[in-house]
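Chain by chain, the residues run as shown.
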2 protein chains.
Amino acid sequence: MSKCEQCIAKQLNSLNSMTTEELKKVSACKTTRYYKKGDVIFDEGETLHGVFCVRSGVAKLTKLSANGKDQTVKLLGKGELLGQRSVISDERTNLSAVALNDIELCFVPKNEIVTPLHENQNFSFDVLQSLAKDLRPAEHDLINMAQKSVKQRMAETLIYIQHVFGVDSSGALNVILSREDYASIVGTATESAIRILSQFKKEKLIATSGKHITITDLEGLKRVE
Amino acid sequence: MSKCEQCIAKQLNSLNSMTTEELKKVSACKTTRYYKKGDVIFDEGETLHGVFCVRSGVAKLTKLSANGKDQTVKLLGKGELLGQRSVISDERTNLSAVALNDIELCFVPKNEIVTPLHENQNFSFDVLQSLAKDLRPAEHDLINMAQKSVKQRMAETLIYIQHVFGVDSSGALNVILSREDYASIVGTATESAIRILSQFKKEKLIATSGKHITITDLEGLKRVE
DNA sequence: CAGAAAACATGATAAAAATCATATTAAATT
DNA sequence: AATTTAATATGATTTTTATCATGTTTTCTG
């Protein structure tokens, strides 16, 4: 089995501040789990017994709102941690996690995280900083949602995905989402998401081929109102 | 000068996990500051040299969005900390803080917070937990903004304010906000906020007298669509 | 207290977005 | 490969919300 000490994913998150000793323990305890596209990793309201670290693939965090629609709160890629907050705050999960494509996760039991949090000042402070930093995009998203048009939010979503998850060899966004997924991120009706993407295509801001989307005019997308 | 060790506000936040020793130091360093309604406590992008603890009064955290409108992200009352995140993450402030009424704040220099964070495991873990818990309402607000109508958001805002800040002897909300403030919280045009509050009044969900608002039908407000 | 300024109110209209309806296309299943 | 199912697309319509306009009331200020 692969070792956490050498894992690339680890360098992207606060596990990097663990001591070699601690990492070895994590390595010994962790299990690797595979999920297929659409699989539920955990559900809202579950009690988690550990955190998940994304080794490959992309997951989404969603919440079912009162009107029955799913709202996607965040996309998570390589190195990002799932369930960290629930484990730290000792609360049930607030959101569901679903695999957006085939995904490989390392599951680290709660204890291997919580014990070092109490013992290793560096680790603890690092996690503290990362949580503090997590709040900024949360606020940013709230403001976007409140102040920007659906069209603008869609444009920003496309730009965000390209920025964070990159493009494949053909230049298309590396993350493949359905129109419904886009609607769920942007917070709009599926038909509206479809319409806006069609419009962006007509305006030559993007090129689409099925679910594959390529940003062809980044500056144009940034100017969308 | 009043002592932090006995301060009631402290019991509401993570400063409560400091040792008596640490609290005495904080007490010795802290300064009390008074702001009048409308005063800016700090601006977006400032570097903070400490955190503020609300002793009395209410403040709002806002951000100026690209379209020139202010979005209120959070209201803060007694015991809540301002600037905690910026100090922990060592980043500039993301939001501005403005006094909504006359307010009394204790200013605690950065060092008195950061040093204990590195030395006192209990304190550090407590702050960690409180940050983890802070993310939940942030997500909740995002989903509300995305999935609920302006009318629903207004109804929830009124209920929230009553729940968190309570009512005065006449039963009116304890926090006095302008219609523009409400618009900024709900994320809508000021005219829309005015219109909705008028409608709520017509429907006997609330009673208003100038800026004083009384919830007269809580259940009705909860049913608003 | 008078005058100015800000906040509140409300109508009319325009714009944005949701909903409903119905094709069409793509993907999955047998 | 044929059939079913799901996803995408687009038109028509309604609802929601923003914007513009204008008047009234309240609050502030000299």
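As a reminder, the structure under discussion sits directly above these lines.
Each chain has its residues counted from 1, running along the sequence as written. Ligands are numbered from 1 and chains lettered from A, in the order in which they are written. A pLDDT threshold of at least 70 governs which residues receive local features in this predicted model, and a stricter bar of 80 or more applies before side-chain atom pairs are shown or counted, although totals over entire chains, interfaces and linings include all residues. For the side-chain quantities, the full set of heavy atoms in the structure was used; hydrogens and water were omitted.

Got a minute to help me understand the overall build of chain A in this structure?
Across its full length, chain A carries eight helices and 10 strands. For the radius of gyration, the atom set is restricted to C-alpha positions; the globular benchmark scales as 2.2 Å times the number of residues to the power 0.38. Since a compact globule built from 225 residues should have a radius of gyration of about 17 Å, the 19 Å found for chain A is in line with a globular shape. Referenced to the eigenvectors of the C-alpha coordinate spread, the extents of chain A come out at roughly 55 × 40 × 30 Å. Buried, partly exposed and exposed residues are distinguished by accessible area as a fraction of the type maximum, computed with a 1.4 Å probe on protein chains only: under 20%, between the cut-offs, and over 50%, respectively. In chain A, which comprises 225 residues, the proportion classed as buried is 52%. Whether two residues touch is decided by their heavy atoms; if any such pair falls within 4.5 Å, the residues are in contact. Put simply, 68% of the contacts in chain A that link residues at least 6 apart link residues at least 24 apart. Note on areas: Shrake-Rupley with a 1.4 Å probe; residue coverage comes only from the protein chains shown. Counting only carbon and sulfur atoms, one obtains 49% of the accessible surface of chain A, whose full area is about 10500 Å². Positive charges come from Lys and Arg, negative ones from Asp and Glu, while His and the chain ends are left out of the count. For charged residues, the charge sits on one atom: NZ in Lys, CZ in Arg, CG in Asp, CD in Glu. Averaged over its 30 positive side-chain charges, chain A has a centre that lies 4 Å from the centre of its 28 negative ones. Helical segments are the DSSP runs of H or I of at least four residues, strand segments are the runs of E of at least two, and each set is numbered from the N terminus.

For this particular structure, what's the right way to read the protein's contact with DNA strand D?
Near DNA strand D there are 16 residues, and of these Lys211 of chain A together with Val150, Thr188, Ser192 and Arg195 of chain B occur at the shortest range. When atoms of DNA strand D within 4 Å of the protein are sorted by moiety, sugar and phosphate together comprise 62%. For this analysis, a polar contact is any N or O atom pair within 3.5 Å, provided that within protein one partner can donate a hydrogen and the other can accept it, and provided that sequence-adjacent residues contribute only side-chain to side-chain pairs. Within the side chain of Lys69 of chain B, an N or O atom sits 3.3 Å from a phosphate oxygen of DNA strand D. With respect to DNA strand D, the backbone of Val150 of chain B contributes an N or O atom lying 2.8 Å from a phosphate oxygen. Among the secondary structure elements, those contributing two or more residues to the surface near DNA strand D are α6 (179–186) and α7 (190–202) of chain A together with α7 (190–202) of chain B. Broken down by element, the residue count for the surface near DNA strand D peaks at four residues, all from α7 of chain A. Throughout, near means a residue has at least one heavy atom within 4 Å of the molecule or strand.

How do you make sense of the pattern of salt bridges when you look at a structure like this?
Where charged atoms from two side chains of opposite charge approach closely, those side chains can pair. All names here are of chain A. A carboxyl oxygen of Asp or Glu within 4 Å of a side-chain nitrogen of Lys or Arg is what we treat as a salt bridge. Applying the stated rule across the entire model yields 19 salt bridges over all chains. A salt bridge links Lys110 to Asp90, with the nearest nitrogen and oxygen atoms 2.8 Å apart. You can see Lys110 sitting in helix α3 (residues 110–119) and its partner Asp90 sitting in the loop between α2 (84–89) and β7 (96–99), a full 20 residues away along the chain. Take Lys110: its relative accessible area is 25%, and that puts it in the partly exposed class. With relative accessibility at 53%, the residue Asp90 sits in the exposed group.

Would you mind going over the relation of the copies chain B and chain A with me for this structure?
The operation relating the two chain copies consists of a rotation about an axis and a shift along that axis. Superposing the copies works by least squares over the C-alpha atoms of residues that have pLDDT at least 70 in both of them. At an RMSD of 0.0 Å, chain B and chain A line up after a rotation of 180° and a shift of 0.0 Å along the axis. Read as a symmetry element, the transformation amounts to a two-fold axis. Every residue of chain B has its C-alpha some distance from the rotation axis, and the shortest such distance is that of Leu142 of chain B, at 2.4 Å. Residue by residue, 100% of the interface of chain B is reproduced at the interface of chain A, so both copies engage with the same surface.

I keep staring at helix α6 (residues 179–186) of chain B and nothing clicks. Help me out?
Note on helix geometry: an α-helix contains 3.6 residues per turn, so any two residues three or four positions apart are oriented the same way. All names here are of chain B. Buried residues dominate α6, accounting for six of its eight residues. Among the residues of α6, those classed as buried are Asp181, Tyr182, Ala183, Ser184, Ile185 and Val186. Gly187, located one to two residues past α6, shows a positive phi value of around 80°.

Whenever I open this one, the sheet that holds strand β7 (residues 96–99) of chain B confuses me. Can you help?
Paired through their backbone hydrogen bonds, the strands of a sheet run either parallel or antiparallel. Residue and element names in this part refer to chain B. The criterion for strand pairing is that DSSP finds at least two bridges linking the strands in question. Taking strand neighbours across the sheet as the criterion, the four strands line up as β2-β7-β4-β5 in an open arrangement whose pairing is antiparallel. One side of each edge strand has no neighbouring strand; the edge strands of this open sheet are β2 (40–42) and β5 (70–76). Neighbouring strand axes in the sheet, compared pairwise and without regard to direction, differ in orientation by 35° on average. Of the pairings in the sheet, the one linking strand β4 (residues 59–64) to β5 comprises six bridges and is antiparallel in character. Helix axes are fitted to C-alpha atoms over the stretch in contact, other axes to C-alpha atoms as well, and angles between N-to-C directions run from 0 to 180 degrees.

What's the story with helix α4 (residues 121–147) of chain A in this structure? I'm lost.
Under the convention used throughout, the expected extent of a helix is 1.5 Å for every residue step, that is, one less than its residue count. In this model α4 of chain A runs 40 Å from its N-terminal to its C-terminal C-alpha over 27 residues, within 8% of the 39 Å that 1.5 Å per residue would give. For α4 of chain A, the capping residue at the N-terminal end is Asn120 of chain A, with a side-chain oxygen 2.9 Å from the backbone nitrogen of Asn122 of chain A.

Honestly, the packing of aromatic side chains in this entry has me stumped. Any pointers?
Centre-to-centre distance and the angle between the planes together describe a pair of aromatic rings. Residues and elements named next belong to chain A. Side-chain rings of Phe, Tyr and Trp, where Trp is taken by its six-membered ring, are said to pair if the distance between their centres is within 6.5 Å; with planes under 30 degrees apart they count as stacked, over 60 as edge-to-face, and otherwise as tilted. In the structure shown here, the tally under the stated rule is four aromatic pairs over all chains. An aromatic cluster is present here, built from Phe42, Phe52 and Phe107 joined pairwise through their rings. Two thresholds decide whether a charge sits over a ring: the Lys NZ or Arg CZ must be within 6 Å of the ring centre and within 35 degrees of the ring normal. Sitting over the ring of Phe107, Arg33 keeps its end group 4.2 Å from the ring centre.

Just checking my understanding: could you explain the interface of chain B and chain A for this structure?
Quoted interface sizes are often the accessible area lost when the parts come together. On the chain A side, the residues contacting the 41 residues of chain B number 42 residues. Two parts lose some accessible area (1.4 Å probe) when they are put together, and adding that loss for both gives the buried area. Interface area, chain B with chain A, both sides summed: about 4200 Å², of which 62% is carbon and sulfur. Where chain B meets chain A, there are four salt bridges. Inspection of the region where chain B meets chain A yields 19 residue pairs in polar contact (both at pLDDT 80 or more). Put simply, the parts of the chain that give the side of chain B that touches chain A at least two residues each are β5, α2 (84–89), α3 (110–119) and α4 (121–147) of chain B. When residues in the side of chain B that touches chain A are grouped by element, the largest group, 20 residues, is from α4 of chain B. For the side of chain B that touches chain A, a count of residues per class yields 15 nonpolar, 13 polar and 13 charged. Only Asp, Glu, Lys and Arg are considered charged, only Ala, Val, Leu, Ile, Met, Phe, Trp, Tyr, Cys and Pro nonpolar, and every remaining residue, Gly among them, polar.

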